[in-house]
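# Results of the structural survey
Chain residues, written in single-letter form:
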Amino acid sequence: MIRFRNALLLAAVLSLGAALALRLPQQREDAGLFPGKPVYLYSFDDHGAGGVSKIQALDRSDAGLRFSFVLGNTANSFVGAGATWKGDGSVRSDEVDFTAWDGLELELATSRPLRLRMSLVSMDSALWKPNDYLSRRYSEARFSPGANGATWIAMDRFQLAPWWVDRGLVPVLDTTRKLDRVVAFELQAVPGGVVADGRVDSVLIKSVRLVRHSHRVGAWIWCLPLVAWGALGFALLGSRKRKAPNPASPLSHAPILPPMPLEMRSESDELRDRLVAHLAANYQRGELDADTICRETGIPRSRLPEILREGFGTTFKAYLNELRMAEASRLLRTTDRTVSEIAFAVGYNGIAHFNRVFRERYGAAPGEYRALAGGVPAG
Amino acid sequence: MNLRTLLILTAALGLARVGQAQNLIPFNPAFELGSPAGWYMWIDEKGTGNASFETVDKDAHSGTYALKFEVKRAAGYPWQIALNIPQWQVKPNSHYRLGFWVKGPGPFQVDIKDVDKNYAWMGKIDGTPSPSQWTHVSGEFSTSTQSGLGKVLLAISLGLNVGTFTFDDFEIVEVDPAGSK
């Protein structure tokens, strides 16, 4: 029989060992996306979407992939470069399962401080049409590169792109990120960094790597405290046979080693996710405003503008309108509900207000939009 | 102008419009956006090549801009560095003619591939440009009757030609089997 004092000592030593082991450097695995995979490089700008951003050049050299551009001065401006390892979507083996990785590690150099957006393009069998690039899912994360150009983007920071949801392929509520069949990444410059002043800027992508941290050492060391405390339990049982339990024993309050999170998410990430989920579930409430959202989610009112600006480069009102407009346009295209019904369904209490916002967003009245988009006439 | 003259002019304009074959390249065919937006540079990273492309606003074949594509280091195979023409929807059992103007350091070929058949090779068009004079490259290709053919990739394979190519005024038109527009 293990003596109680020895068991206590063993448990303490093994717990300490486990705690120390978990502080050892994690075993890192990585896989190069660029360089590393045969890729098809491309550049793009917002010209097709009515913007004025302009890609200037795309340059693959030993230093990496550089794109030069002039960013437009509207809130929705974008310009960037992408790399795909699959051009058509017909060869499944070309797809990469990003869910098996913790995040992306980027090495970048920018001509001056810029706000960037990383998009991941993934296949979705339920949506895919051979010749429609929009039938792939776009998930994105905004960031500003670190001072030395090194950037880490945890995989759970990627959110389904609002503009893609806006295309109406899926309901607004379907914000599922599907990162198991990724076929391309795109890096874009977006507003939020320097003022768009017409200067030529550039982004050099030195490398993009998938990274995960495994815990081969830590995994089995996690067992040690269990073994130790198990042994202690046996010792206690044995001691109970010999003497009455001691309610004052410090062991009765001994904490179990708490599980240590393998990867920390920032508070902003948590708040942003909470906000997105709450808005997606409540956007149809007409009375919804920033104060209400903050009260219901517990997000500090003073943090809301920063969260929306950092996460999406927008304001509360604009974000909420985008959600409502995206769902309204989808309903106009795919249902025969009247414009009034749709306006109320997406959270507008007045048809005139809805019509005005819709026209500003799509350049047409809802009825005209429905006709132009080949939607179902109202029944 | 009397009514008869007006009708004749209207009819003549209509006929002229019917006679013009539509350029099927969907975006930025002559680079007059002043940007290579819509055009794609393919680099097979298994190769050793380096390249860049950008629009330039001097010495265009027509208009203001042309596309400069510089192969800085040769790849192992021609197709490992390519300029890809924006894809467009093709019809089965149809005939098309590609034409464009080019200056460049050496011969190349345009590989024609069926996107929906995992880029199966459909044929090629040869180009032999001059380094200093604009040369017109032209060739035709046909799609088969098979179903599923949706898009064709036209890739100008430049991987072995170190130097600067300049391209302008791309056009793809549908032609009848005899070859006339």
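Above this text is the structure in question.
Presented here is a report on the structure given in the accompanying data block. Per chain, residue numbering runs from 1 following the sequence as it is written. To label them, take the chains in the order written and letter them from A, then take the ligands in the order written and number them from 1. The predicted origin of the model limits local features to residues at a pLDDT of at least 70 and limits the giving and counting of side-chain atom pairs to 80 or more, whereas totals for whole chains, interfaces and linings rest on all residues.

### Re the overall build of chain B
Let me state the cut-off plainly: Helix and strand labels come from DSSP, where a helix needs a run of H or I of at least four residues and a strand needs a run of E of at least two; each type is numbered from the N terminus. In this scheme every C-beta is placed from the backbone, and a residue whose C-beta has 20 or more other C-beta atoms within 10 Å is buried, one with 12 or fewer is exposed, and one in between is partly exposed. Each residue gets a C-beta atom placed from its backbone, and two residues are in contact if those atoms lie within 7 Å.
A tally of helices and strands in chain B yields 1 helix and 11 strands. The buried share of chain B, taken over its 181 residues, is 40%. Of the contacts made within chain B by residues no fewer than 6 positions apart, 75% connect residues no fewer than 24 positions apart.

### Details of the packing of helix α8 (residues 316-334) of chain A against helix α10 (residues 351-362) of chain A
Residue and element names in this part refer to chain A. Rules: The convention used is that axes are lines fitted to C-alpha atoms, helices contributing only their stretch in contact, and that angles between N-to-C directions extend from 0 to 180 degrees. Just so you know how the angles are binned, under 35 degrees is roughly parallel, over 145 roughly antiparallel, 65 to 115 roughly perpendicular, and the rest oblique. We call Asp, Glu, Lys and Arg charged. Ala, Val, Leu, Ile, Met, Phe, Trp, Tyr, Cys and Pro are nonpolar, and the rest, Gly among them, are polar.
Contact geometry of α8 with α10 gives a least axis separation of 11 Å together with a crossing angle of 85°. On the basis of the axis angle, α8 is roughly perpendicular to α10. Along its contact with α8, which presents N321, M325, A328 and S329, the element α10 presents V357, F358, R361 and Y362. Classifying every residue of the contact of α8 with α10 by side-chain character gives 5 nonpolar, 2 polar and 1 charged.

### Regarding the nonpolar core
The line we're drawing: Here, a nonpolar core denotes buried Ala, Val, Leu, Ile, Met, Phe, Trp, Tyr and Cys residues that are linked to one another through C-beta atoms within 7 Å.
Ranked by size, the top nonpolar core spans 91 residues in total, and within it L41(A), M41(B), L83(B) and L158(B) carry the most contacts. Dropping the residues within four chain positions of it, L83(B) is found in contact with W39(B), M41(B), F53(B), F69(B), I156(B), L158(B) and F167(B). Judged by nonpolar contacts, the second largest core, of 17 residues, contains Y283(A), L320(A), L323(A) and L332(A).

### Considering unusual backbone geometry
Note the cis peptide between F34(A) and P35(A), where omega equals -10°. Not every positive phi belongs to a glycine, and F31(B) is a case in point at roughly 65°. Structurally, F31(B) is set in the loop between α1 (3-19) and β1 (40-43). Overall, F31(B) belongs to the buried group, with 26 C-beta atoms counted inside 10 Å.

### Observations concerning the interface of chain A and chain B
Spelled out, the test is: What makes two strands pair is DSSP finding at least two bridges between them.
Listed per partner, the contact involves 26 residues of chain A and 25 residues of chain B. Breaking the side of chain A that touches chain B down by element, the ones donating at least two residues are β2 (39-45) and β3 (54-61) of chain A. When residues of the side of chain A that touches chain B are assigned to their parent elements, the largest contribution, 8 residues, is made by β3(A). Looking at the side of chain A that touches chain B residue by residue, the class counts come to 12 nonpolar, 7 polar and 7 charged. One ladder, built from 4 bridges, connects β3(A) with strand β2 (residues 50-56) of chain B; its direction is antiparallel. In the strand pairing of β2(B), A57(A) is matched with E54(B).

### Some remarks on α10(A)
Put simply, the rule reads: Here a helix's expected span is defined as the number of its residues, less one, multiplied by 1.5 Å.
If you check α10(A), its first and last C-alpha atoms are 16 Å apart, about what 12 residues at 1.5 Å a residue would give, namely 16 Å. The first or second residue beyond α10(A) is G363(A), which carries a positive phi of 75°.

Treat this as a map of the structure, not an account of what it does.
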